Amino acid sequence: MSSREDGIMIILSSPSGAGKTTITKLLSDSENYTISVSHTTRKPRENEVNAKDYFFVDEEEFKLLVQNDEFLEHARVFNNFYGTTKTPVINSLEKGKNVIFDIDWQGTKQIKEKNLKYKLITFFILPPSKKVLFERLSNRDMKDKLIAEERMRQFGKDVLHWVDYDYVVINDDLNSCYKEVNKIIKSEINNTSNTYNVDIIKKHVNQLID
Ligand code: ADP
Ligand code: 5GP
């Protein structure tokens, strides 16, 4: 059983570019939240800082971490490897800190299957439209249009994983979306029941993949 003082785990996933990293950062500004910093073999983007955004490692280092059973979960995403190391996560949770994970559906599935003693809330973030998603990806990955295009191609498959999450939210206006996620987390912490409108989300997803 999780003790009352343990932190909770909050996972945010989405198709690439929908805004989970942005929302994760906003949430982590609140007291008592910490972001789980993943390891990746992907090359850093221009504004990314090692040990803050990711631990950027080569494939050899990554494989060593896998061999040494250091990861809570790990997966291959867009031709790169990504993984969450166990020790910092467990240390934070044991100290009562809430840990936010910006990871994909494969990692979410692995963490869910572990049935850890800590409370877990999972969110799936959707973009308002495909057009807006492409604009966001193109602005972010300005140097490499191919990356934006590759991630758009993956979108149709990635978006279907919304069904496996506790909550699904649409990130149109950033502040509204952040407030919605924050409100759900607060009520989950207080054990107040929550739902989201599945029919609206189903319709929205159908429009997105049309
Ligand atoms: P993800 O982590 O899901 O791949 P990011 O958080 O990196 O996506 O967001 C992709 C881009 O879209 C970033 O440049 C970010 O600043 C921008 N962005 C995120 N949410 C919004 C929003 N609600 N309105 C406008 N731009 C946004
Ligand atoms: P990006 O390269 O845009 O930062 O991330 C690409 C994808 O990898 C995103 O869906 C992101 O959530 C996911 N990701 C980032 N870190 C991890 C991780 O540690 N594990 C898993 N499974 N996915 C991750």
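Predicted model, so just to flag it, every value in this text is computed and none were measured. (Residues numbered from 1 in each chain as written. Chains lettered and ligands numbered in written order. Predicted model: local features only at pLDDT ≥ 70, side-chain atom pairs only at ≥ 80, totals over all residues. Heavy atoms only, no water.)

Draft legend 1. Focus on the packing of helix α5 (residues 130-140) against helix α6 (residues 145-158). Interaxial distance between α5 and α6 falls to 8 Å at its minimum, and their mutual angle equals 150°. Compared by their axis directions, α5 and α6 come out roughly antiparallel. Remark: the crossing between α5 and α6 carries right-handed chirality. Together, Lys130, Leu133, Phe134, Leu137, Ser138 and Arg140 of α5 and Lys145, Ala148, Glu149, Arg151, Met152 and Phe155 of α6 make up the contact between the two elements. The residue makeup of the contact of α5 with α6, split by class, is six nonpolar, one polar and five charged. (Axes fitted to C-alpha atoms, helices over the stretch in contact; angles between N-to-C directions. Helix = DSSP H or I, 4+ residues; strand = E, 2+ residues; numbered from the N terminus. Parallel < 35°, antiparallel > 145°, perpendicular 65-115°, else oblique. Left-handed = near helix turned anticlockwise from the far one by under 90°. Contact = heavy atoms within 4.5 Å. Nonpolar A, V, L, I, M, F, W, Y, C, P; charged D, E, K, R; others polar.)

Draft legend 2. Geometry of α5. Taken together, the buried positions of α5 are occupied by Leu133, Leu137 and Ser138. Projected down its long axis, α5 carries its buried residues within an arc of 130°, all on one side. Turned more than 90 degrees away from the buried face of α5 sit Lys131 and Asn139, all of them exposed. For α5, the elements touching its buried residues are α6. (Buried < 20%, exposed > 50% of the residue type's maximum accessible area, 1.4 Å probe, protein only. Arc of directions from axis to C-beta.)

Draft legend 3. Representation of the sheet that holds strand β7 (residues 98-102) within the structure. Taken in spatial order, the five strands of this open sheet run β2-β7-β1-β8-β9, and their pairing is parallel. Among the strands making up the open sheet, the edge pair consists of β2 (33-35) and β9 (167-170). Neighbour-to-neighbour, the strand axes of this sheet turn through a mean angle of 25°, independent of strand direction. Note that β2 and β7 share three bridges and pair parallel. Bridged to Tyr33 within β7 is Asn98. Contacting β1 (9-13), β2, β7, β8 (120-126) and β9, helix α7 (residues 174-189) crosses the sheet at an angle of about 160° to β9. Relative to β8, helix α8 (residues 198-209) is tilted by about 45°, and along the sheet it contacts β8 and β9. (Pairing = 2+ DSSP bridges.)

Draft legend 4. Examining the site of ligand 1 more closely. Residues in contact with ligand 1 amount to 15 residues; listed here are only the nearest, Gly17, Thr21, Thr22, Arg140 and Asn171. The contact in question runs from an oxygen atom of ligand 1 to an N or O atom on the backbone of Gly19, over 2.9 Å. The contact in question runs from a nitrogen atom of ligand 1 to an N or O atom on the backbone of Asp172, over 2.9 Å. Against a free-state accessible area of 560 Å², the protein chains account for coverage of 74% of ligand 1. Of all the secondary-structure elements, those providing two or more residues to the shell around ligand 1 are α1 (20-28) and α5. Per element, the largest residue contribution to the shell around ligand 1 is three residues, and it comes from α1. In the shell around ligand 1, the residues fall into three nonpolar, seven polar and five charged. (Near = heavy atom within 4 Å. Polar contact = N/O pair within 3.5 Å; in protein donor to acceptor, adjacent residues only side chain to side chain. Areas by Shrake-Rupley, 256 points an atom, 1.4 Å probe, with all protein chains shown as cover.)

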